[in-house]
Amino acid sequence: HLLLFLLFVGPFNCFASYSRATELFYSLNEGLPAGVLIGSLARDLRLSTADGQRPAAPQPPLSFTLASRDLGGQYVQLDNRSGELHTSAVEIDREALCMESSGATVFGGGAAVSSSSPSSKSCLLLLDVLVLPQEYFRLVKVKIAIRDVNDNAPHFPVPHIRLSVPENAPVNTRLAIEHPALDPDVGTNGVQTYRLQDNYGVFTLDVEENESGERTPYLIVMGSLDRETREEYVTVIVAEDGGTPPLVGSATLTIGISDINDNCPQFSDSQLNVTLYGNSSLGTHVATVHAVDMDLGSNAQITYSYSQKVPQPSRDLFHLDESTGTITLSSKVDGDTPRLHRLIILGNGPGCIPAVITVLVTIIKVMMRPPEVVPRFIANEAEGVVYLKELEPINTPIAFFTIKDPDEKYKVNCYLDGDGPFRLSPYKPYNNEYLLETTKPLDYETQQLYEISVVAWNSEGFHVNRIIKVQVLDDNDNSPVFSQQLIELSIEENNVPNAFLTKLHATDADSGERGQVSYFLGPDAPSYFSLDKATGVLTVSTQLDREEKEKYRYTVKAVDSGFPPRESIATVTITVLDKNDNSPRFINKDFSFFVPENFPGFGEIGVISVTDADAGQNGWVALSVLNGSDIFVIDTGKGVLRAKVSLDREQQSSYVLWIEAVDGGDPALSSTAKITILLLDINDNPPLVLFPQSNMSYLLVLPSTLPGSPITEVYAVDKDTGMNAVIAYSIIGRRGPRPESFRIDPKTGNITLEESLMQNDYGLYRLLVKVSDHGYPEPLHSTIMVNLFVNDTVSNESYIESLLRKEPDISIEEKQPQISIEPAHKKMESASCMPTLVALSIISLGSIALVTGMGIYICLRKGKKHHRADENVEVQIPLNGRINLHMLEKKPMEISNI
């Protein structure tokens, strides 16, 4: 900007020396995408050389800059180095760029848009480009002509166009269509032709073009029109432009045929013959004439009048209503009245010759006057119609009738003619007075109108009828009646909101507002049910859940609009049908069962309780074992879990199962639960002696051993747990020089020297040790022979082994070991037994594992000490009788799962 400023504020002669104004002209179509090359300014300006020759010395590079990015500058992209001009991302729309208001060029600081007129073919985009540096500086005027493409279809400004054509319009009448089609495109791309989709054989279109190029369609009448034959034509007018392919637009064209007074009144007959009795009363209807005019509105207005040929006496005797054409008797007929009257009546229309009809009235002379019937109405009466409410009581009076002879010469009688609950009877004590009354209540719903006649006749047989119409007025005496008193409905649960249930229908025999029925929910209906007051449509606004509530029962009312209103009540019952929308649900997420080991096969371990809130097949649940199915089975119906085989805690102390519950729905839903089975230990394993390993093993005890010194130990383990694995040690048999010299710790099994050994105490000591558990209900035990050889050395091992092979003569001591462990079978509180057993089992498992490891270590150490290569024999020594030391040898069992 600073450079531009210096250029423009520098000395004028300097500016004139280096600036050259140049003008370039380009053209392109509207709607092109970004990046289309418009032109190269450097090439078209031939700026690669100065004055046609390449400069002698290197020159700075050229720079091309738009003077402004406003208006037209947004539509182009100028490369500052090469001077190439491309279209930008802003698409050029000729119709938007060159509006009708852009009649003159509008500059926007270096860019402008120019259009001479809305229909002009020239739409220019003007740009100012600066070329730098100063050696090449010039201001370039770039003009870009935007060519029109056919991208707009013709359209009518209104969707419906209406024209009015008089029915007497001559052929070739031209009527301009006021709303021609518009097309923003210009030239041949603008509107070129119009056509009618259906011309009905009487219309066509023509197009006229004015000086400015605007085309206006004209409707041309090609045939005769008659409004009385057809008063309206509806078609479609289509406008088409000249593009390739052409585009069209359409609108509805309604052609109304306006009426003209081209029809006159006409009578259907030319003459009407009427007979009138001479004793007719004033106002008696004589005849009615009627003419017809096919035109409309004021063109069809008809008035009636007498022809001037009708004499005045006839005009005075008969009155003619000029609007209705009704002729009535307007004066009394006497002896001087002519017996024949010729009434010529004219039917007059605007601008027409009157239509003519002749009415011949013949008056018949009556020698005597008929009886007279004079009513005096008690009930409401208007124009000979009596109005009575239904349910009026019996003997409701309607009217008095006075019967008399005008000549007072003849006796007159009367009676009632017609059907209905009415009675006409003489009214005493008056003569010729009769009372008309009801004989039973009237019912509007049975019959609304009665027509009866009071007939009077004299002794000469002359009859006179007086017709009485009785209109029964409706009363609100009927309640609405439902088509069903109990409306039983059903709907599936999880319905959509505002679901349709039914349409209630009640009828009311009353008429008018009294029979209009409105519908209402009873007070016991839940708030989420809706009943349309007018239509009786019953809907539910929320989703229903069968598991929450399966049946609904409430009342609905139908109320009429009478005063006071009457109503009736019906009962609606709705059964919510089940859908499989609930998975089976276990009572607990995790189940734990405690089962004693050696539980018999197929015994009941426990019951898996599962429920499904759905009903029927959807609520049927099948149980299956997902894992461990080779050991465990489950009763599908009852949920009883069983083991196929007896379970041994020493092989496996617990089992974890996954149980799946699947319902009977389609598709089925399922859920799983974790089952933990803990085996409770029973005393089914005697203690296993790990050391000494054989009844034939022995240990050298030096005579110098001090009292209280540990000599050896008996080490045993028990595969059971808890109290069943608590081991006690005791010496139940002794043999030797002084066998009481040794004692055993009942808890640890450590054997210690009690007294000092003397010279006489040398020799072989044999101690029979009983290893017993504290199992319940019966403790189990094992025995082991501990052999101690008191001497300074072992000089003759074979001698010692021979002594060991001899059966010892040992007396069995029945003394129980004294340890401070409470027996396992001591009675416990039932509420705390199970947790205690579980805790002891866990502790015992850890203890046994530790003791086992220590025992193995001790055995290995002692084996090295005595260099024993042969395997020793461990035997079970019975507690009664002699001891057999030559039993089969066996190895200690490997202990697992402890």
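In this text the structure is predicted, and so the values were computed from the model without any measurement. (Residues numbered from 1 in each chain as written. Predicted model: local features only at pLDDT ≥ 70, side-chain atom pairs only at ≥ 80, totals over all residues. Heavy atoms only, no water.)

Engineer: Any chance you could explain the state of the cysteines here in plain terms?
Structural biologist: Put plainly, two cysteines are in a disulfide when a covalent bond ties their sulfur atoms together. Counted according to the given criterion, the structure contains two disulfides. Each sulfur of the disulfide joining C98 and C123 lies 1.4 Å from the other. Measuring handedness by torsion sign, the sulfur bridge of C98 and C123 sits at about 70° and is right-handed. Of the two residues, C98 sits in the loop between α4 (94-97) and β6 (106-107) while C123 sits in strand β8 (residues 123-132), which places them 25 residues apart along the sequence. Each member of the pair, C98 as well as C123, is classed as buried. (Disulfide = S-S within 2.5 Å. Helix = DSSP H or I, 4+ residues; strand = E, 2+ residues; numbered from the N terminus. Buried < 20%, exposed > 50% of the residue type's maximum accessible area, 1.4 Å probe, protein only.)

Engineer: Where do I start with unusual backbone geometry in this structure?
Structural biologist: Keep in mind that most residues, glycine aside, have a negative phi and that most peptide bonds are trans. Between T244 and the following residue, P245, the backbone shows a cis peptide bond with an omega angle of 0°. Structurally, P245 is set in the loop between β15 (232-241) and β16 (248-258). The amide bond that connects F691 to the next residue, P692, takes the cis arrangement and shows omega of 0°. Considering the arrangement of structural elements, one finds P692 in the loop between β53 (688-691) and β54 (698-701). Here N498, not a glycine, exhibits a phi torsion of approximately 60°, which is positive. Mapping N498 onto the fold places it in the loop between β36 (486-492) and β37 (499-503).

Engineer: Explain the sheet that holds strand β28 (residues 385-389) to me, please; I cannot follow it from the model alone.
Structural biologist: Hydrogen bonds between backbone groups are what pair the strands of a sheet, and the pairing can be parallel or antiparallel. Spatial ordering of the open sheet is given by β27-β28-β34-β33-β30, a layout of five strands whose pairing is mixed. For this open sheet the edge positions go to β27 (380-382) and β30 (412-417), each flanked by a neighbour on one side alone. Going across the sheet, the axis of each strand differs from the next one's by a mean of 25°, ignoring polarity. Taken together, the six bridges between β30 and strand β33 (residues 449-458) define a ladder with antiparallel strand orientation. For Y415, the partnering residue across the bridge sits in β33 and is V455. (Pairing = 2+ DSSP bridges. Axes fitted to C-alpha atoms, helices over the stretch in contact; angles between N-to-C directions.)

Engineer: Whenever I open this one, the side chain of D183 confuses me. Can you help?
Structural biologist: As for its placement among the helices and strands, D183 is situated in the loop between β11 (174-176) and β12 (191-196). For the buried D183, no salt bridge exists, and the shortest N-O distance to an oppositely charged side chain is 9.4 Å, to R94. At 3.0 Å, the side chain of D183 and the backbone nitrogen of D185 are in polar contact. Setting aside anything within four residues of it in sequence, one finds D183 in contact with N152, A153, P154, N189, G190, V191 and D241. (Lys, Arg positive; Asp, Glu negative; His and termini not counted. Salt bridge = Lys/Arg side-chain N within 4 Å of Asp/Glu carboxyl O. Polar contact = N/O pair within 3.5 Å; in protein donor to acceptor, adjacent residues only side chain to side chain. Contact = heavy atoms within 4.5 Å.)

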